[in-house]
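Results of the structural survey
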Amino acid sequence: MSERADDISISGIRHTYEATRTLARERSPHQDITLIENERFGRVLLLDGATQLTTADEFIYHEMLAHVPIFAHGDVQDVLIIGGGDCGLAEEVLKHKDIRRVVQVELDACVIDLSRRYLQEINSGVFDDERFQLHIRDGISFISGLDERFDLVLVDSTDPVGAASKLFSAGFYRSVRRCLRLRGVLVAQAGVPFVQPLEFTSTMRNLASVFKVTNSYLLASPGYFGGHLALGWASESLSPAASTLDVVRARHLSAALKLRYYTPEVAQAAFALPGYINELLEAATRD
Ligand code: SAM
């Protein structure tokens, strides 16, 4: 029987990748790590049976997590990434030449090592970029003692189980708020509302309990099973609509980045939530 890797991250559902090659199957001190090659999705990284990324569609998730807040903000200098072990997000952020520092806090050195070896097509520029600072630490403990300030914090972690669970808590979001500059923004992944409604509502409720301005935007990434993936936007002062479409277009034009999913129009439209997701969001943030 050919090799395979099962995504078992959504209860009651299992989807299987046929592996044309198994690149790594390891147990790190923190999680099971599987890296395979699949004819349709390219290289696929799974952690504890949950798809983290596929090289075929990671551009969708990483572009929307990075460029929506960066182009909306307009003057991001210092970025903090929590998680992001494949370093695809760091590569996306570092495309912005006027960003002076990207600090990344990743729990598991094994994910970094395997990503450096097998995922160079999505992270090759990162490790030689002198603006990139990598810490192998738990994001919770790292941020609790932090006295630096950032313009943007991106939480690119595994789902809210185990070591990642506290990264979705109000306590962690309070620590993030303390590290954000005026107009600073936090963006955190908030699950696939159709198949993970509780992950979505509890993340958005916790964000709304800490920040004055919260919102959610969507992306459609084939590798994330179950429909749109939601990202949570949180800030003390910056609304995603604060910069007009024309202003965002001008910033996007002058940045002259080669992007394959993000456009200023897609970014604006991403905040238009379908009825069922809006209902979940309103219920979560009503009280
Ligand atoms: N894009 C993926 C997603 O949306 O599911 C996430 C990719 S990245 C591989 C997720 C990373 O979060 C993993 O490398 C994992 O080790 C890291 N992580 C989990 N809990 C963490 C914590 N408490 N502190 C820092 N990193 C953590």
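The structure we're discussing is the one just above.
Residues numbered from 1 in each chain as written. Predicted model: local features only at pLDDT ≥ 70, side-chain atom pairs only at ≥ 80, totals over all residues. Heavy atoms only, no water.

A few words on the overall build of the protein. Per the secondary structure count, the protein includes ten helices and 13 strands. Relative to its length of 287 residues, the protein is compact, with a C-alpha radius of gyration of 18 Å against a globular reference of 19 Å. Principal-axis analysis of the C-alpha atoms gives the protein an extent of 55 × 45 × 40 Å. Burial status across the protein gives 55% buried among its 287 residues. The long-range fraction of contacts in the protein, counting pairs at least 24 apart against all pairs at least 6 apart in sequence, stands at 67%. In the protein, which carries 29 positive and 38 negative side-chain charges, the distance between the mean positions of the two groups comes to 4 Å. (Helix = DSSP H or I, 4+ residues; strand = E, 2+ residues; numbered from the N terminus. Rg over C-alpha atoms; globule rule 2.2 N^0.38 Å. Buried < 20%, exposed > 50% of the residue type's maximum accessible area, 1.4 Å probe, protein only. Contact = heavy atoms within 4.5 Å. Lys, Arg positive; Asp, Glu negative; His and termini not counted. Charge placed at Lys NZ, Arg CZ, Asp CG, Glu CD.)

Before going further, it helps to examine the packing of aromatic side chains. In this description, an aromatic ring pair is defined by two values, namely the gap between the centres and the angle between the planes. This model, assessed by the stated rule, comprises eight aromatic pairs. Between the aromatic rings of tyrosine 17 and phenylalanine 41, the centroid separation amounts to 6.0 Å while the plane-to-plane angle is 85°, which identifies the pairing as edge-to-face. Pair noted here: tyrosine 17 is in strand β2 (residues 15–18) and phenylalanine 41 is in the loop between β4 (32–38) and β5 (42–47), with a separation of 24 residues, a long-range link. Residue tyrosine 17 is classed as buried on the basis of its relative accessible area, which comes to 5%. Given a relative accessible area of 18%, phenylalanine 41 falls into the buried group. Each ring, one from phenylalanine 172 and one from tyrosine 173, has its centre 6.0 Å from the other, and the planes form 55°; the classification is tilted. (Phe/Tyr/Trp six-rings, centres within 6.5 Å; stacked < 30°, edge-to-face > 60°.)

Ranked by internal contacts, the top residues of the largest apolar core, which has 42 residues, are Val79, Val93, Leu154, Tyr217 and Trp233. The residues contacting valine 79, other than those within four sequence positions of it, are Val93, Ile99, Arg101, Val102, Val103, Phe150, Leu152 and Leu154. Within the second largest apolar cluster, 34 residues are counted, among which are Val103, Leu186, Met204 and Ala284. (Core = buried A, V, L, I, M, F, W, Y, C linked by side-chain atoms within 4.5 Å.)

A word on the site of the ligand. If you check the shell around the ligand, you find 24 residues, and the closest are Gln31, Glu106, Gly139, Asp156 and Ala163. Contact between the ligand and glutamine 52: a nitrogen atom at 3.3 Å from a main-chain N or O atom of the residue. For the ligand, an oxygen atom lies 3.5 Å from a polar atom in the backbone of threonine 158. Considering only residue class, the shell around the ligand consists of nine nonpolar, nine polar and six charged. Here the shell around the ligand gathers at least three residues from each of two domains, domain 1 (3–54) and domain 2 (58–285). (Near = heavy atom within 4 Å. Polar contact = N/O pair within 3.5 Å; in protein donor to acceptor, adjacent residues only side chain to side chain. Nonpolar A, V, L, I, M, F, W, Y, C, P; charged D, E, K, R; others polar. Domains from an automatic or database assignment.)

Our next topic: the sheet that holds strand β10 (residues 150–156). With mixed pairing, seven strands are arranged side by side in an open sheet as β9-β8-β7-β10-β11-β13-β12. One side of each edge strand has no neighbouring strand; the edge strands of this open sheet are β9 (132–136) and β12 (213–219). Across the sheet, the axes of successive neighbouring strands diverge by a mean angle of 15°, strand direction being ignored. One ladder, built from five bridges, connects β10 with strand β11 (residues 180–189); its direction is parallel. The residue bridging valine 155 from the neighbouring strand is alanine 188, located in β11. Where helix α1 (residues 58–73) meets the sheet, it contacts β10, β11, β12 and β13 (229–235), and its direction lies at approximately 160° from that of β10. (Pairing = 2+ DSSP bridges. Axes fitted to C-alpha atoms, helices over the stretch in contact; angles between N-to-C directions.)

Before going further, it helps to spend a moment on the environment of isoleucine 8. Structurally, isoleucine 8 can be placed in the loop between β1 (4–7) and β2. Isoleucine 8 gets classed as partly exposed once you look at its relative accessible area, which sits at 44%. Residues isoleucine 8 and aspartate 48 lie 40 residues apart in sequence; the distance between their C-alpha atoms is 8.4 Å. If we skip the residues at most four places from it in the chain, isoleucine 8 touches Ile13, Arg14 and Gly49.

Glancing now at helix α8 (residues 245–255). Along an α-helix, residues three or four apart share an orientation, since each turn contains 3.6 residues. Taken residue by residue, α8 has Leu245, Val248 and His252 as its buried positions. The arc enclosing the buried residues of α8, seen along the axis, measures out at 65°, which places them on a common side. Among the exposed residues of α8, those oriented more than 90 degrees off its buried face are Asp246, Leu253 and Ser254. Looking at the buried residues of α8, the elements they touch are α1 and α9 (264–269). Downstream of α8 by one or two residues, alanine 256 has phi in the positive range, about 50°. (Arc of directions from axis to C-beta.)

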